[in-house]
Amino acid sequence: MTADIIATIATAVLIVIGCVGIVVPVLPGSITALIGLIIWAFVVRAPEGWVVLALGGTLLLAGMSASLVLTGSKLKRRAIPNRTLLFGVVGAVIGMFVIPVVGLFIGFVVGLLLSETVRNKDFNTALSTSWVAAKAMGVGILVELSCALLASLTFIIGAIVYFVTAN
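Treat the numbers as computed from the prediction; the structure is a model and nothing was measured. (Residues numbered from 1 in each chain as written. Predicted model: local features only at pLDDT ≥ 70, side-chain atom pairs only at ≥ 80, totals over all residues. Heavy atoms only, no water.)

Interaxial distance between helix α3 (residues 47-77) and helix α6 (residues 123-165) falls to 8 Å at its minimum, and their mutual angle equals 175°. In this view, α3 runs roughly antiparallel relative to α6, as classed from their interaxial angle. Per-class residue counts for the contact of α3 with α6 are 22 nonpolar, 8 polar and 3 charged. (Axes fitted to C-alpha atoms, helices over the stretch in contact; angles between N-to-C directions. Helix = DSSP H or I, 4+ residues; strand = E, 2+ residues; numbered from the N terminus. Parallel < 35°, antiparallel > 145°, perpendicular 65-115°, else oblique. Nonpolar A, V, L, I, M, F, W, Y, C, P; charged D, E, K, R; others polar.)

We now examine the nonpolar core. In terms of nonpolar packing, the biggest core is built from 19 residues, with Ile15, Leu37, Trp40, Leu60 and Phe155 touching the most fellow members. Going through the elements one at a time, α1 (3-23), α2 (30-44), α3 and α6 are the ones with two or more residues in this core. Sorting elements by how many residues they give to this core places α2 first, with 6 residues. Not counting chain neighbours up to four residues away, the residues in contact with Trp40 comprise Asp4, Ala7, Thr8, Thr11, Glu48, Gly49, Val52, Phe155, Gly158, Ala159 and Tyr162. Counting residues in each nonpolar core, the second largest holds 12 residues, with Ile80, Leu85, Val132 and Ala134 among its members. (Core = buried A, V, L, I, M, F, W, Y, C linked by side-chain atoms within 4.5 Å. Buried < 20%, exposed > 50% of the residue type's maximum accessible area, 1.4 Å probe, protein only. Contact = heavy atoms within 4.5 Å.)

Time to look at a nonpolar patch on the surface. On the surface, Met1, Ile5, Ile6, Ile9, Val13, Val16, Ile17, Val20, Leu27 and Phe163 cluster together into a nonpolar patch covering about 870 Å² of accessible area. Examining the composition of the nonpolar patch, we find that 7 residues originate from one element, α1, more than from any other. (Patch = residues over 30% accessible without salt bridge, like charges linked within 9 Å, V, L, I, M, F, W, Y side chains within 5 Å. Areas by Shrake-Rupley, 256 points an atom, 1.4 Å probe, with all protein chains shown as cover. Salt bridge = Lys/Arg side-chain N within 4 Å of Asp/Glu carboxyl O.)

Moving on: the packing of helix α5 (residues 103-120) against α6. It is at 8 Å that the axes of α5 and α6 come closest, and there the two elements cross at 135°. Classified by the angle their axes make, α5 and α6 are oblique. Relative to α6, α5 is oriented so that their crossing is right-handed. Counting all contacts with α5, which are made through Phe108, Leu112, Leu113, Glu116, Thr117, Arg119 and Asn120, the residues of α6 involved are Phe123, Thr125, Ala126, Leu127, Thr129, Ser130, Ala133, Ala134 and Met137. Across the contact of α5 with α6, the residue classes break down as 9 nonpolar, 5 polar and 2 charged. (Left-handed = near helix turned anticlockwise from the far one by under 90°.)

This next bit is on the pattern of salt bridges. Per the stated rule, a full pass over the model turns up 1 salt bridge. Notably, a salt bridge pairs Arg119 with Glu116, separated by 2.7 Å at the nearest N-O pair. You can see Arg119 and its partner Glu116 sitting in helix α5, 3 residues apart, about one turn around the helix. What makes Arg119 partly exposed here is its relative accessible area of 28%. Look at Glu116 and you get buried, because its relative accessible area is 0%.

Attention shifts here to the side chain of Thr84. Take Thr84: it is sitting in helix α4 (residues 82-98). Here Thr84 is in contact with Leu112, Ser115, Glu116 and Arg119, once residues within four sequence places are set aside.

A separate point is a positive patch on the surface. A grouping of Lys74, Arg77, Arg78 and Lys135 is seen on the molecular surface, where their side chains present a positively charged patch. Inspection of the secondary structure puts Arg78 in the loop between α3 and α4. Looking at Arg78, the relative accessible area reads 37%, which means it is partly exposed. (Lys, Arg positive; Asp, Glu negative; His and termini not counted. Charge placed at Lys NZ, Arg CZ, Asp CG, Glu CD.)

Set out below in structure tokens:
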């Protein structure tokens with residue numbers, strides 16, 4: 001196996017881990033995929049690698065930025081503190097281990113709801129703000145995942161072009 005093939009396989013694995021990491025908050029998402037693209041570009045040292053890094057990296061950075069901006073602006077409009085999301089993520093991690101498969105999502109919602117109930121001291125208000133926070137987080141994840149999948153497609157096309165045109 002050549003270094004190009006090993007780097008391509010490693011990059012593919014890092015991109016998959018990155019895409020999963022966007023949805024599962026325990027793993028680093030877009031950053032992992034970006035590291036994979038950087039590795040591939042530096043190993044293959046071909047125009048395809050640099051184009052994939054430029055396009056894919058831009059998509060990944062745009063996805064991360066859009067996710068943060070969309071989620072943050074929605075939470076600020078409703079005066080929901082970042083602490084609420086932190087409790088949601090902690091709940092998701094706990095839920096992932098307590099209830100296989102769906103525990104991640106159930107734990108996230110329960111963490112949001114508990115945090116907002118303590119903060120607002122009113123269950124109906126907490127339910128409303130938790131729903132807003134969950135939707136904002138969901139939209140952010142969807143945008144970031146879409147950009148990561150487009151970056152993945154860029155890598156796949158770039159890798160195919162690289163190996164087909166290689167001497």
